[in-house]
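Survey of secondary and tertiary structure
What follows is the residue order along each chain.
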Number of protein chains: 2
Amino acid sequence: MSVNAKHEAREETPLRVALLGCGVVGASVARLLVEGRDDFAARIGRPLDVVGVAVRRLGRDRRDTGLPDELFTTDAEELVTRADIVVEVIGGIEPARSLILRAFEHGASVVTANKALLAEDGPRLYEAARAHGVDLYYEASVAGAIPLLRPLRESLAGDDVRTVLGIVNGTTNYVLDKMDSTGQGFAEAVEQAQALGYAEADPTADVEGFDAAAKAAILASLAFHSRVTAPDVYREGISEVTASDVRAAAEMDCVVKLLAICERQQREDGGQGISVRVHPAMIPRSHPLASVREAFNAVFVEAEAAGELMFYGPGAGGDPTASAVLGDVVAVARHRVGGGLGPAESAYADLPVLPMGQTRTRYYLSLDVADRPGVLAQVAEAFSRHGVSIQQVRQTVAADDRSSAELVIVTHRATDEALGATVREIGDLDVVVGVSSVMRVEGE
Amino acid sequence: MSVNAKHEAREETPLRVALLGCGVVGASVARLLVEGRDDFAARIGRPLDVVGVAVRRLGRDRRDTGLPDELFTTDAEELVTRADIVVEVIGGIEPARSLILRAFEHGASVVTANKALLAEDGPRLYEAARAHGVDLYYEASVAGAIPLLRPLRESLAGDDVRTVLGIVNGTTNYVLDKMDSTGQGFAEAVEQAQALGYAEADPTADVEGFDAAAKAAILASLAFHSRVTAPDVYREGISEVTASDVRAAAEMDCVVKLLAICERQQREDGGQGISVRVHPAMIPRSHPLASVREAFNAVFVEAEAAGELMFYGPGAGGDPTASAVLGDVVAVARHRVGGGLGPAESAYADLPVLPMGQTRTRYYLSLDVADRPGVLAQVAEAFSRHGVSIQQVRQTVAADDRSSAELVIVTHRATDEALGATVREIGDLDVVVGVSSVMRVEGE
């Protein structure tokens, strides 16, 4: 055998891929690996062989994967010991974490779509991957098919990110979009989303912002070279957003979106900190994120040198998520063929996460007030006592009721603490009949 | 010296960066490298030292770069022999090509923003980089700061791209956007773009589509794993787009954009081919690309599994382009520290580029016709003779002239050849007074 022939033989040895989980995403990954076998071989330099798929129980019809029955196993622990690349699409913390760590110990690189695990225990996984000289990739964990983590980790590696504003949860975007376009209330819009498959039977993880918060933690870690975990993320869901909030936003030429926000901010002591939060917010209709409809995702990034960038696409679904998983599979496979490793964890900046109270945001308020002289002065006085400056104020008299008026106020940026205290104080004023809408304002 | 100390000493040895060119982009790259020295060191594992900047002539004030005068040299040939990373931002074919090849020979990796060179001689450069075991990166060559090539090369490496539709030239987008928003004609809009610095004194390369064609060649090569060079790209500029074309588009609820289009299409013999072209086209206002205003760039990608993705951001400018260059610098620097190489050229699919005549497109036509019975029948007959089917037709009688009418026709997809022949035949019909607008239609 000549040197060349030997070389070719080695090049032809397939890389062994083990799949953990065979739900919607897993089945898509399997099918696309089978269908695209020749393309993968050409792109990587060696073919990819699926050597096994770990499932909870056997016996289901798995013909959609294109894989023979004998590849399915319930013994995930054993499976990860005989793979070069482990694709984890089980989700959740355990057994996913133990299996990933075990895969590293046996020298496999791992591709995962597991946002919850990354947001809870990312640094430990990174460290274990490094210690064993293998890769950990997780593009699919945030914003499905949208290439987002690779641009953040690699394309913007020479830049400084200032802000990340993301619509990273399709369910809530679908619900808010329907509320905006039809005037429906929250409950009705959720029901419709459930009927159409955009929301789960128990929609808590989505509508209360848990899903988005895990993604925000991952995005903030990458954007700011710091360690941010899910519990660091301030979180408010959309279950208290009313039809009247959405109408109020429309009157301001705004839409309500559930945003994952990661921002570099000045701390009170002058140092740098990061604010990482998930909450509904009004954004102007002219903002690129405002036109993101239905269950689509999009992430808006502002960097010092690059300026304003936006990434848009489907945030979920079997094939779109599989596309992101397979891009990672090709990357780690290329490393196994040609050497090298993907970027390690970069947490050198070690910026502290600001408490929500110290985060600087803007507020929109709509108040029912008595229609008599001096009301605005009293309200304005309350803002001023808390050091909150007003950017815009509009007063309208209700046509049917000459004794009350509506006062709409938008503030400049102030600490969330000062804004909250101002709102509470205003609610207690005699001249204020009621506070009908309060919402943060972003994207200006 | 302990083993650890030795190790640290090696880690601290700076990587030598040579800059070729110090125009707007080069000066930004230099300044950002100087200002971000600590960040780069932390992100890469070793500091980056600018060891020289090659310029055409010395003596100019270069203080904006933050670099001392003695680093500037006119001897680029010598400079590239003493660098680990060469950043080429001269542009044009020569001397850029020779300098890049020389850099490879001396073991340096290269980061370039040079679209013309990549589109003309990419495969040769790729091959030379591979032969010397170094990297060639060029994110900044297409769509400035927008992370686009890395997503195409890496994130979508496990997917199959169907279509790329890009607004990749800021000057023409600015001109067309002004024509749309103000009703201005082409000449007037170009003058305004020149006055504001969005167009050069000689705007030919932009308005005639040469710039976009080079970028289309690069995008098609990456998207379809095939070799496509600039001469393969069908090219039409925007200098013949009239105010009346833009008005006609508006009446169809469309906008006119100069698009770089890369599409996988069926050949007449049943095989696969690719269409790579640059021309003005109408796209519906509801398409994500339609809202790309002013000099911004955006690229819409449709892939089999991922679905519809869009990447949006500034397409030019010193700092934005420098951001893309520096992301590449970090990537190649990490490879020098940790081993490995970026993806090589992937041209295994080797798809042929279809001649424009065989490309399947859609046409919009606006005709002045005699207002008498049978006209539509004659016109429709001409379409049918060429096998072109009509999707939509609208006839309106001019209010001031009862003898003539306007006929607006939008076709289904047909070969460009058949469409062109149909238009010529229709222009010769007795009942047709004139053809007032013809334009391709995309994005549906």
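Everything quoted here is computed from the prediction, not taken from an experiment. (Residues numbered from 1 in each chain as written. Chains lettered and ligands numbered in written order. Predicted model: local features only at pLDDT ≥ 70, side-chain atom pairs only at ≥ 80, totals over all residues. Heavy atoms only, no water.)

**So, the sheet that holds strand S3 (residues 72–73) of chain A**
Residue and element names in this part refer to chain A. Reading across the sheet, the six strands line up as S3-S2-S1-S4-S5-S6 and stay open at both edges, with parallel pairing between neighbours. This sheet does not close on itself; its edge strands, each paired only once, are S3 and strand S6 (136–137). Bridge count for strand S1 (residues 15–20) against strand S4 (residues 85–88) is four bridges, and the pairing is parallel. Within the sheet, the bridge partner assigned to leucine 20 lies in S4 and is glutamate 88. Where helix H2 (residues 24–35) meets the sheet, its contacts fall on S1 and strand S2 (48–54), and the angle it forms with S1 comes to roughly 155°. (Pairing = 2+ DSSP bridges. Helix = DSSP H or I, 4+ residues; strand = E, 2+ residues; numbered from the N terminus. Contact = heavy atoms within 4.5 Å. Axes fitted to C-alpha atoms, helices over the stretch in contact; angles between N-to-C directions.)

**Structural notes on the sheet that holds strand S2 (residues 48–54) of chain B**
All names here are of chain B. Across the sheet, which stays open at both edges, the six strands sit in the order S3-S2-S1-S4-S5-S6 with parallel pairing between neighbours. Strands with a single pairing partner mark the edges of an open sheet, and in this sheet they are strand S3 (72–73) and strand S6 (136–137). Judged from the two bridges that link them, strand S5 (residues 109–112) and S6 form a sheet pairing that is parallel. Considered in S6, the bridge of valine 111 is made with tyrosine 137. In the packing of helix H2 (residues 24–35) onto the sheet, contacts are made with strand S1 (15–20) and S2, and the angle to S1 comes to roughly 155°.

**Considering the relation of the copies chain A and chain B**
Expressed as a screw operation, the relation of chain A to chain B combines 0.0 Å of axial shift with a rotation of 180°, fitting to an RMSD of 0.0 Å. Interpreted geometrically, this transformation is the action of a two-fold axis. Measuring from the rotation axis to each C-alpha of chain A, the shortest distance belongs to glycine 340 of chain A, at 1.8 Å. (Least-squares fit on C-alpha atoms with pLDDT ≥ 70 in both.)

**Brief notes about the environment of aspartate 49 of chain B**
Residue and element names in this part refer to chain B. Examined against the element boundaries, aspartate 49 turns out to sit in strand S2. Expressed as a C-alpha distance, the spacing of aspartate 49 and aspartate 177, which sit 128 residues apart in the sequence, is 42 Å. Apart from residues lying up to four places away in sequence, aspartate 49 is in contact with Pro14, Leu15, Arg16, Val17 and Arg37.

**A few points about the domain arrangement of chain A**
All names here are of chain A. Splitting chain A by domain gives domain 1 (3–144 + 319–338), domain 2 (149–315) and domain 3 (357–441). In this structure, domain 1 and domain 2 have C-alpha centres spaced 29 Å apart. In this complex, domain 1 contributes 19 residues to the contact, which on the side of domain 2 involves 20 residues. Counting the surface lost from both domain 1 and domain 2, the interface buries some 1,500 Å², and carbon and sulfur atoms represent 61% of this. (Domains from an automatic or database assignment. Buried area = accessible area lost by both parts, 1.4 Å probe.)

**A look at the interface of chain A and chain B**
Taken together, the contact pairs 42 residues of chain A with 42 residues of chain B. On the surface where chain A and chain B come into contact, there are four salt bridges. In this structure, glutamate 154 of chain A engages arginine 150 of chain B in a salt bridge whose closest nitrogen and oxygen atoms are separated by 3.7 Å. Elements that contribute at least two residues to the side of chain A that touches chain B include exactly helix H3 (37–44), helix H7 (149–155), strand S12 (307–314) and helix H13 (318–338) of chain A. (Salt bridge = Lys/Arg side-chain N within 4 Å of Asp/Glu carboxyl O.)

**Topic: the environment of alanine 333 of chain A**
One can find alanine 333 of chain A in helix H13. Taking C-alpha positions, alanine 333 of chain A is 21 Å from threonine 65 of chain A, a pair spaced 268 residues apart along the chain.

**Structural notes on helix H12 (residues 243–251) of chain B**
All names here are of chain B. When we look at burial in H12, the residues that qualify are Asp245, Val246, Ala248 and Ala249. On an axial view of H12, the arc spanned by its buried residues comes to 160°, and they lie on one face. Structural note: H12 exposes Arg247 and Glu251 on the side pointing more than 90 degrees away from its buried face. Residue aspartate 253 follows H12 closely and has a positive phi angle near 60°. (Buried < 20%, exposed > 50% of the residue type's maximum accessible area, 1.4 Å probe, protein only. Arc of directions from axis to C-beta.)

**Describing the packing of helix H6 (residues 115–131) of chain B against helix H11 (residues 210–224) of chain B**
The contact between H6 of chain B and H11 of chain B brings their axes to 7 Å, and the two run at 35°. Counted together, Lys115, Ala116, Leu118, Ala119 and Tyr126 of chain B of H6 of chain B and Asp211, Ala214, Lys215, Ala217, Ile218 and Leu222 of chain B of H11 of chain B form the full contact between these two elements.

**Considering the side chain of aspartate 159 of chain A**
With respect to the element layout, aspartate 159 of chain A can be found in the loop between H7 and strand S7 (161–167). The side chain of aspartate 159 of chain A is buried and forms no salt bridge, while arginine 43 of chain B, the nearest opposite charge, is found at 7.0 Å. A polar side-chain atom of aspartate 159 of chain A sits 2.8 Å from the main-chain amide nitrogen of alanine 306 of chain A. A distance of 2.7 Å separates the side chain of aspartate 159 of chain A from the side chain of serine 323 of chain B, its partner in a polar contact. The contact partners of aspartate 159 of chain A, leaving out residues within four places of it in the chain, are Ala303, Glu304, Ala305 and Ala306 of chain A together with Arg43 and Ser323 of chain B. (Lys, Arg positive; Asp, Glu negative; His and termini not counted. Polar contact = N/O pair within 3.5 Å; in protein donor to acceptor, adjacent residues only side chain to side chain.)

**Structural notes on unusual backbone geometry**
Across residues other than glycine, the phi torsion is negative in most instances, and most of the peptide bonds are trans. All names here are of chain A. In the segment running from glutamate 94 into proline 95, the intervening peptide bond is cis, with an omega of 5°. Looking at the secondary structure, you find proline 95 in the loop between S4 and helix H5 (96–105). Phi is positive for alanine 143, close to 60°, though the residue is something other than glycine. When you line up the elements, alanine 143 lands in the loop between S6 and H7.

**Some words on the pattern of salt bridges**
Residues and elements named next belong to chain B. Counted by the stated rule, this structure contains 63 salt bridges over all chains. Notably, a salt bridge pairs aspartate 121 with arginine 124, separated by 3.3 Å at the nearest N-O pair. Of this pair, aspartate 121 and arginine 124 both sit in helix H6, three residues apart, which is roughly one turn of the helix. Its relative accessible area of 44% is what places arginine 124 among the partly exposed residues. Residue arginine 293 is joined to aspartate 177 by a salt bridge in which the shortest nitrogen-to-oxygen separation is 2.7 Å.

**As for the pairing of strand S13 (residues 360–370) of chain A**
All names here are of chain A. Across the 11 residues of S13, nine count as buried, placing the element largely inside the fold. Note: S13 against strand S16 (residues 414–415), two bridges, orientation antiparallel. Of the residues in S16, the one forming a bridge with threonine 361 is alanine 414. Two elements, S13 and strand S17 (residues 432–441), share eight bridges in a ladder whose sense is antiparallel. Across the sheet, residue tyrosine 364 finds its bridge partner in S17, namely methionine 439. Where S13 meets strand S15 (residues 404–411), seven bridges bridge the pair, whose relative direction is antiparallel.

**Thoughts on the packing of aromatic side chains**
Scanning the entire structure with this criterion turns up seven aromatic pairs over all chains. Plain terms: the ring middles of tyrosine 126 of chain A and tyrosine 138 of chain A are 6.1 Å apart, the flat faces sit at 80° to each other, and that makes the pair edge-to-face. Here tyrosine 138 of chain A lies in the loop between S6 and H7 and tyrosine 126 of chain A lies in helix H6 (residues 115–131), a separation of 12 residues in the sequence. An identical accessibility class is assigned to tyrosine 126 of chain A and tyrosine 138 of chain A; each is buried. When the centroid spacing of 4.2 Å and the interplanar angle of 25° are considered together, the rings of tyrosine 174 of chain B and tyrosine 198 of chain B count as stacked. Of this pair, tyrosine 174 of chain B sits in helix H8 (residues 170–182) while tyrosine 198 of chain B sits in the loop between helix H9 (186–195) and helix H10 (204–207); the two residues are 24 residues apart in sequence, bridging distant segments of the chain. On the accessibility criterion, tyrosine 174 of chain B (3% relative accessible area) is buried. For tyrosine 198 of chain B, a relative accessible area of 33% corresponds to the partly exposed category. Note that arginine 153 of chain B overlies the ring of tyrosine 137 of chain B, its terminal NZ or CZ placed 5.4 Å from the centroid. Its end group placed over the ring of phenylalanine 210 of chain B, arginine 235 of chain B keeps NZ or CZ at 3.8 Å from the ring centre. (Phe/Tyr/Trp six-rings, centres within 6.5 Å; stacked < 30°, edge-to-face > 60°. Lys NZ or Arg CZ within 6 Å of the ring centre and 35° of its normal.)

**Points about the packing of H8 of chain B against H9 of chain B**
All names here are of chain B. Packing of H8 against H9 brings their axes to within 9 Å, and their N-to-C directions diverge by 125°. With respect to their mutual orientation, H8 and H9 come out oblique. The chirality of how H8 crosses H9 is right-handed. The residues of H9 that touch H8, namely those facing Tyr174, Val175, Lys178 and Met179, are Phe186, Ala189, Val190, Gln192 and Ala193. (Parallel < 35°, antiparallel > 145°, perpendicular 65-115°, else oblique. Left-handed = near helix turned anticlockwise from the far one by under 90°.)

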